[in-house]
Amino acid sequence: MSRQVIAPRYGGPEVLEVREREVPPPAPGRVVIRMRAAGVNPSDAKQIAGRFGDDPAKLPLRPGAEVAGVITAVGDDAVGATGALEVGQVVLAHRVIGAWADEVVAKADNVFAKPAALSFPAAANLLLAGTTAAHLLEATGVGPGDVVLVHGASGGVGTLAVQLARIAGARVIGTASDRNRALVERFGAEPVAYGDGLVDRVRALAPDGVTVALDCIGTDEAVQTSRALLPDPARLATIVAFAAVLAAGGKALGSGPGADPGTAFRNAARARLVELAGQGLIEVPVAGTVPLADAAGALRTLVGGHPGGKLALVP
């Protein structure tokens, strides 16, 4: 028997339950992964809260979109994104359904060999945030010579956007609270504090202006600052403030009204992200791990404020 976290109704962390289930042998083209770590993302909280839709027919929900662990069973014709798959292989997977479980069934083409240099909690948090960050850069054409302003540079998507922008040859300025200043600097961005006077502080760092703005937090301040500083509104992209950024002439990315989900691009970006992480060129900062049985506690930490890095559920 395997434990599975479910949400039998929409709501906050309090709706989560841990139930036991029997995991059947994998169907063709699928594998079973023994979870060593499962990612915890803002999108999980939004799904559970019904912000992506509250159709009762979709209940119970099985949260969790990414996992890292060890393959325990392989279905017929199951070939992974990085080659053949076999029992005992150490892997990470994204996109999956129900990663908050002891045993996770995944489509083989969403499974990647886990780089040895990457811990299980980091591997389980790489691809959802990483593909989102990569989509932000792709949508705005970030490249050498750009000056990129990242709003929320110490968050899960923000830290990866900073690192990918630096790899692309851009200079990066990142907004963050004072307590996260060192984290922003660690990944090669120039930190600037939120709050009154943000436009002036950014202009002091970049007198010639910024060329790209990436909004990972969706505050009015982030949108207004970006509009004030950007000469080309088409090089503003958000993953949160869809209506405001679209109205300003920017791009909305992800799941929401008018947003570009970028599914094909994000799927294609996964292999490169795994490669970069394996080479030590990008890092996933992990704030801590939480036992699977306390998934509700992990969700409370996530929605209650900035945990200082990614959270992972572990057995």
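For the structure shown, the criterion picks out one cavity of 30 Å³ or more. If you go around the largest cavity, the residues you meet are Gly174, Thr175, Ala176, Ser177, Asp178, Arg181, Pro191, Val192 and Ala193. When its residues are assigned to classes, the lining of the largest cavity shows four nonpolar, three polar and two charged.

What follows is about the side chain of histidine 151. In this fold, histidine 151 is placed in strand β10 (residues 147–151). Accessibility expressed as a relative area gives 1% for histidine 151, which makes it buried. One polar contact links histidine 151 to serine 226, side chain to side chain, over a distance of 2.9 Å. Excluding residues that lie within four positions of it along the chain, histidine 151 makes contacts with Thr175, Leu198, Leu214, Asp215, Cys216, Ile217, Ala222, Thr225 and Ser226.

Take the environment of alanine 122 next. On the secondary structure map, alanine 122 appears in helix α2 (residues 120–123). Assessed through its relative accessible area of 6%, alanine 122 is described here as buried. Between the alpha carbons of alanine 122 and alanine 287 there is a distance of 9.9 Å; along the sequence they are 165 residues apart. The contacts of alanine 122, once residues within four sequence positions are left out, are Val284 and Val286.

Overall, parallel pairing links the six strands, which are arranged β12-β11-β10-β13-β14-β15 in an open sheet. Looking at which strands have only one partner, the edges of the open sheet turn out to be β12 (190–193) and β15 (251–252). Running over the sheet, helix α4 (residues 156–167) touches β10, β11 (171–176) and β13 (212–215) and is turned about 165° from β11. Set on the sheet, helix α6 (residues 198–205) makes contact with β10, β11 and β12; between it and β12 the angle comes to about 155°.

Let us now look at the pairing of strand β7 (residues 90–93). In this sheet, β7 lies alongside strand β4 (residues 67–74) in antiparallel orientation, the contact comprising four bridges. If you follow valine 70 over to β7, its bridge partner there is valine 90. The pairing of β7 with strand β9 (residues 111–113) spans three bridges and is antiparallel. Of the residues in β9, the one forming a bridge with valine 91 is alanine 113.

Assignment of secondary structure puts proline 231 in the loop between α7 (220–229) and β14 (236–238). As for proline 231 and valine 212, which are separated by 19 residues in sequence, their C-alpha atoms are 9.0 Å apart.

This part covers the nonpolar core. Among the nonpolar cores identified, the biggest contains 48 residues, and Leu92, Leu126, Leu136, Val150, Leu164, Leu214 and Ile282 are the most heavily contacted of them. Every element with two or more residues in this core is listed here: α2, α3 (127–140), β10, α4, β11, α5 (181–186), β13 and α9 (263–278). Of the residues forming this core, the biggest block, seven residues, is contributed by α3. Setting aside anything within four residues of it in sequence, one finds leucine 214 in contact with Leu136, Leu137, Thr140, Val148, Leu149, Val150, His151, Ala161 and Ala237. Listed in part, the 36 residues of the second largest apolar core include Tyr10, Leu292, Ala295 and Leu311.

Below, the discussion takes up unusual backbone geometry. Cis geometry marks the peptide bond from leucine 59 to proline 60, where omega comes out at -5°. Here proline 60 lies in the loop between α1 (42–49) and β4. That bond from histidine 94 to arginine 95 is cis: its omega, 15°, falls within 30 degrees of zero. Structurally, arginine 95 can be placed in the loop between β7 and β8 (103–107). Phi at aspartate 77 is positive, roughly 60°, even though this residue is not glycine.

Turning to the pattern of salt bridges, a few remarks are in order. Oppositely charged side chains are able to pair whenever their charged atoms sit close together. The final tally for this structure, using the stated rule, is seven salt bridges. Between aspartate 102 and arginine 3 there is a salt bridge whose closest N-O contact spans 2.9 Å. Placement of aspartate 102 in the loop between β7 and β8 and of arginine 3 in strand β1 (residues 2–6) is noted, with a sequence separation of 99 residues between them. For arginine 3, a relative accessible area of 23% puts it in the partly exposed group. Note that arginine 186 and glutamate 283 form a salt bridge whose closest N and O atoms lie 2.1 Å from each other. Of this pair, arginine 186 sits in helix α5 while glutamate 283 sits in the loop between α9 and β16 (286–291), and the two are 97 residues apart along the sequence. Its relative accessible area of 34% is what places glutamate 283 among the partly exposed residues.

Here is what the cut-offs are and how they apply
Residues numbered from 1 in each chain as written. Predicted model: local features only at pLDDT ≥ 70, side-chain atom pairs only at ≥ 80, totals over all residues. Heavy atoms only, no water. 1 Å grid on protein atoms, 1.4 Å probe; cavity = no way out; pocket = protein on both sides within 12 Å on 5 of 7 lines; lining within 4 Å. Points joined across faces, edges and corners; volume = space filled by probe spheres on them. Nonpolar A, V, L, I, M, F, W, Y, C, P; charged D, E, K, R; others polar. Helix = DSSP H or I, 4+ residues; strand = E, 2+ residues; numbered from the N terminus. Buried < 20%, exposed > 50% of the residue type's maximum accessible area, 1.4 Å probe, protein only. Polar contact = N/O pair within 3.5 Å; in protein donor to acceptor, adjacent residues only side chain to side chain. Contact = heavy atoms within 4.5 Å. Pairing = 2+ DSSP bridges. Axes fitted to C-alpha atoms, helices over the stretch in contact; angles between N-to-C directions. Core = buried A, V, L, I, M, F, W, Y, C linked by side-chain atoms within 4.5 Å. Salt bridge = Lys/Arg side-chain N within 4 Å of Asp/Glu carboxyl O.

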